[in-house]
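The lines below spell out each chain.
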Amino acid sequence: MTKLAANTIEVDAKWRSRHPTAPHLAGLDEFQSLYQDSIHNPSQFWAKQARELLSFDRDFHTTTSGSFHRGDAAWFLGGQLNACFNCVDRHAIQDPNRVGIIYEPDDPANDCRSITYGELLAEICQLAGFLRSQGVKKGDIVTIYMPMIPEAAIAVLACTRIGAVHSVVFAGFSAGALRDRIQDAKSTVIITTDEGRRGGKTISTKVVVDEAVRENHKISTVLVYERTGGQIPWMDGRDFRWKEEIQKYPAYISPEGMDSEDPLFLLYTSGSTGKPKGLLHTHAGYLLGASVTGKYVFDLNPQDRFFCSGDIGWITGHTYVVYAPLLLGSTTVMFEGTPTYPNHTRLWDVLEKHQATHFYGAPTSFRVLKALVDKADVENHDLSKLRALGSVGEPIAPEIWKWYHSFMGDGNACVTDTYWQTETGSHIIAAYTGVTPMKPGSASFPCFGIDVAILDPTTGEELQGNSVEGVLAVKKPWPSMARTIRGNHDRYLESYFNTYNGYYFTGDGAYRDADGYYWIRGRVDDVINVSGHRLSTSEIESALVEHESVAEAAIIGVPDDLTGQAVNTVVSLKSKQAAMNIEKELILQIRKVIGPFAAPKRVIILPDLPKTRSGKTVRRILRKALSGDTEFGDTSTLADPSVIDELTKILQKAD
Ligand code: 6R9
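The residue numbering used here restarts from 1 in each chain and proceeds along that chain's sequence as written. Selection of residues for local features in this predicted model requires a pLDDT of at least 70, selection of side-chain atom pairs for listing and counting requires 80 or more, and totals for whole chains, interfaces and linings are taken over all residues. Side-chain figures throughout are based on the complete set of non-hydrogen atoms in the structure, without hydrogens or water.

## Description of the overall build of the protein
Counting from the N terminus, the helices are DSSP H or I runs at least four residues long and the strands are E runs at least two residues long. Each helix and strand in the protein was counted, giving 20 helices and 32 strands. Every radius of gyration here is taken over C-alpha atoms, with the globule rule written as 2.2 Å times N^0.38, N being the number of residues. The globule rule puts the C-alpha radius of gyration for 655 residues at 26 Å, and the 24 Å found for the protein is close to it. Projected onto its principal axes, the C-alpha positions of the protein cover 75 × 70 × 55 Å. Counting every position in the protein, which comprises 655 residues, the buried fraction comes to 59%. Whether two residues are in contact is decided by their heavy atoms: any pair within 4.5 Å suffices. By sequence separation, contacts in the protein at least 24 residues apart represent 71% of the contacts at least 6 residues apart. For every residue, the accessible area (1.4 Å probe, protein chains only) is compared with the maximum for its type, and the residue is labelled buried under 20%, exposed over 50%, or partly exposed between those bounds.

Here is the structure:
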């Protein structure tokens, strides 16, 4: 019997007795023995999981090949399968009336919709038929720019049915960011909506798409799902109405057989340098990662209702709104709105209304709700079916963890903090629901097949034993890892495998405590995390220097009580005569080039940025000053130390 670590909250015995069937894992011992097996016999472990959880049209002959070193890891070679068949057909064949998607609209006064697996299959096939009619072939990349409505998932799955690669762009991105992603993917077909609704506001998706493709003559088709029926610009011959078009196509077309390593989707994410990276995920490995973590981390069953509040535009929405719940034949709740609209008990209302068994959200929204919600407002909600509460996107502070545990699940549901990334495809460190004794604030243990290491950041040496802190890395390939950065395999190798030879480098710092639990400390590179959104400092800096008045810009992530980190901007201008309202203009510039979610909280204008004699911006000093720390350490390397006095003066004035 495994000895329990101190300071943990054991899973309540009642949790097991409330379970509608039986949990997938009998307990911690079974988890640990399966984990050991997954590390010591990865081929056998993964082959067995793959054959159990996925339906292959043709079995694979080789479970795994390749290495980090060459960046050529590959899984389930020789196998052939279709993602849509695995997510939809299998369940529709068994029980076409089982609900696949529940749609909860932004305005609770509007009707929700339940879409059965049978209906999903028909609509996906019809849409796939339309895409084919527009010339979309296996391997082509279709860009999807849609809000959180079921049709976004239908669009994703219609691509996979015909072997097209989907590239979903978060509907909060501006036209400029969308344009770059469409161009990088060389998409000729875009799927969008007329408008979207979120938090009572209208989002003009079609207008943004039009602007993004204005000078792109390669775009042949813009398919528009009529979400609001609002007045929108229209270009005959290029623009098509979803509802009208799909009726023309049959309710069944056969799924395209795809090789295990054929591309499944592209998802752009921020790196520490340069342009956003288009990470490419492939079929069998990714689908298996989603299924295995859905099944074991969340203990998900076909009769469950999984409500993940992540957006389909990010990896959480891909893996845990669409793929994991549908692969496992459960019901996914797609919520169009925000946690505070029309009131701050909305999440509880949605959980109760749909009798959800799982909720999965981000600490940033828990922090906001903690400040707004009284126990009395929520304790009258019947959340007795809720078994698991997931957290993702950023570290969850112990007090927020405890609030989440007691306010959302009334202490009855297990909290699982799940650590992972766009690159990892699915969870890599997480507490296993109903199994792992919970430690508030810790992401707990590595997931099946994930051989984790903590490295000394300077020497790259692996730190053995417990109570060690360093950078987080993985030692061996796993099925759901991204295979490349589209069009730039060297950058893929450079970003993930060359920093610490022989390891996958996550970019995060971590601590392994005395009990072997992992605590994620946050990014150690130039990526910042605002409300769980991953932003690249260099991407925002380039957006700023595109502004005619800006000479130089530095973006600093500053700790923030609500958003985790906040974007702070320090700029120097080309002319001493700054335009009126330049701060506002610069905020607008970032909103325009990237999107509103990247807008800085603070803009500081300095005559010059603090630099070394060789001209490198010294971010360390800016970071300290903006976080309220006045101990700058060694400033002797600065070319002009007077910049610091100037900065201190400005900051004092602002306080
Ligand atoms: C899934 C997702 C990845 C970055 C990652 C890390 C941070 C994600 C976390 C977490 C602490 C957790 N992150 N989950 N930090 N605890 N449970 O968010 O993917 O958008 O690619 O961001 O998010 O810094 O490196 P992505």
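Having seen the structure, we can now continue with the description.
## Some points on the site of the ligand
Residues are classed as near a molecule or strand on a simple rule: at least one heavy atom within 4 Å of it. Lining the immediate environment of the ligand, one finds 17 residues, of which T418, T422, D508, R523 and R534 sit closest. D417 is positioned such that a nitrogen or oxygen atom in its side chain is 2.8 Å from a nitrogen atom of the ligand. Any N or O atom pair separated by 3.5 Å or less is treated as a polar contact, with the protein-specific requirement of one donor-capable and one acceptor-capable atom, and with residues adjacent in sequence counted only for side-chain atom pairs. Interatomic distance of 2.7 Å between a side-chain N/O atom of R534 and an oxygen atom of the ligand. Look at the ligand: alone it shows 520 Å² of surface, and the protein chains cover 96% of it. Every element with two or more residues in the shell around the ligand is listed here: α11 (315–327), β20 (414–419) and β27 (518–523). Its residues assigned to classes, the shell around the ligand shows 6 nonpolar, 6 polar and 5 charged. Surface exposure here means Shrake-Rupley accessible area, sampled with a 1.4 Å probe, where a residue is shielded only by the protein chains that are shown. Residue type decides the class: Asp, Glu, Lys and Arg count as charged, Ala, Val, Leu, Ile, Met, Phe, Trp, Tyr, Cys and Pro as nonpolar, and the leftover types, Gly among them, as polar.

## Some remarks on the sheet that holds strand β26 (residues 504–512)
For two strands to be treated as a pair, DSSP must find at least two bridges joining them. Reading across the sheet, the 4 strands line up as β23-β24-β26-β27 and stay open at both edges, with antiparallel pairing between neighbours. One side of each edge strand has no neighbouring strand; the edge strands of this open sheet are β23 (452–455) and β27. Neighbouring strand axes in the sheet, compared pairwise and without regard to direction, differ in orientation by 45° on average. The pairing of strand β24 (residues 468–474) with β26 spans 6 bridges and is classified as antiparallel. Considered in β26, the bridge of V468 is made with R512. Every axis corresponds to a line fitted to the C-alpha atoms, with the helix fit spanning only the stretch in contact, and the corresponding angles, defined between N-to-C directions, vary from 0 to 180 degrees.

## With respect to empty space enclosed by the protein
We place a 1 Å grid over just the protein atoms. Points where a 1.4 Å probe fits but has no way out form a cavity, open points with protein on both sides within 12 Å along at least 5 of 7 lines form a pocket, and any residue with an atom within 4 Å of a point lines it. Grid points are joined across faces, edges and corners, and a volume is the space filled by probe spheres set on the points. Throughout the structure, instances matching the rule amount to 4 cavities of 30 Å³ or more. Taken as a whole, the largest cavity spans an internal volume of roughly 80 Å³. If you trace the largest cavity, you find 13 residues lining it, with W46, T293, S426, H427 and F448 closest to the centre. Of the residues contributing to the lining of the largest cavity, the split by class is 8 nonpolar, 5 polar and no charged.

## Observations regarding the packing of aromatic side chains
Two rings from Phe, Tyr or Trp (for Trp, the six-membered ring) form a pair when their centres sit within 6.5 Å of each other. Planes less than 30 degrees apart are called stacked, planes more than 60 degrees apart edge-to-face, and all others tilted. Per the stated rule, a full pass over the model turns up 47 aromatic pairs. Pairing Y500 with F505 gives two aromatic rings, centres 5.2 Å apart and planes at 75°, and the pair type is edge-to-face. Here, a charge over a ring means that NZ of Lys or CZ of Arg falls within 6 Å of the ring centre while also lying within 35 degrees of the ring normal. Stacked on the ring of F60, the Lys or Arg R51 has its end atom at 4.0 Å from the ring centre. Its end group placed over the ring of W234, R241 keeps NZ or CZ at 4.0 Å from the ring centre.

## Overview of the side chain of T506
Summarising the element assignment, T506 is placed in strand β26. Judged by its relative accessible area of 3%, T506 falls in the buried class. In terms of polar contacts, T506 uses its side chain to reach the backbone carbonyl oxygen of L472, at 2.7 Å. Once you skip the residues sitting within four places of it in the chain, T506 turns out to touch Y419, Q421, L472 and R523.

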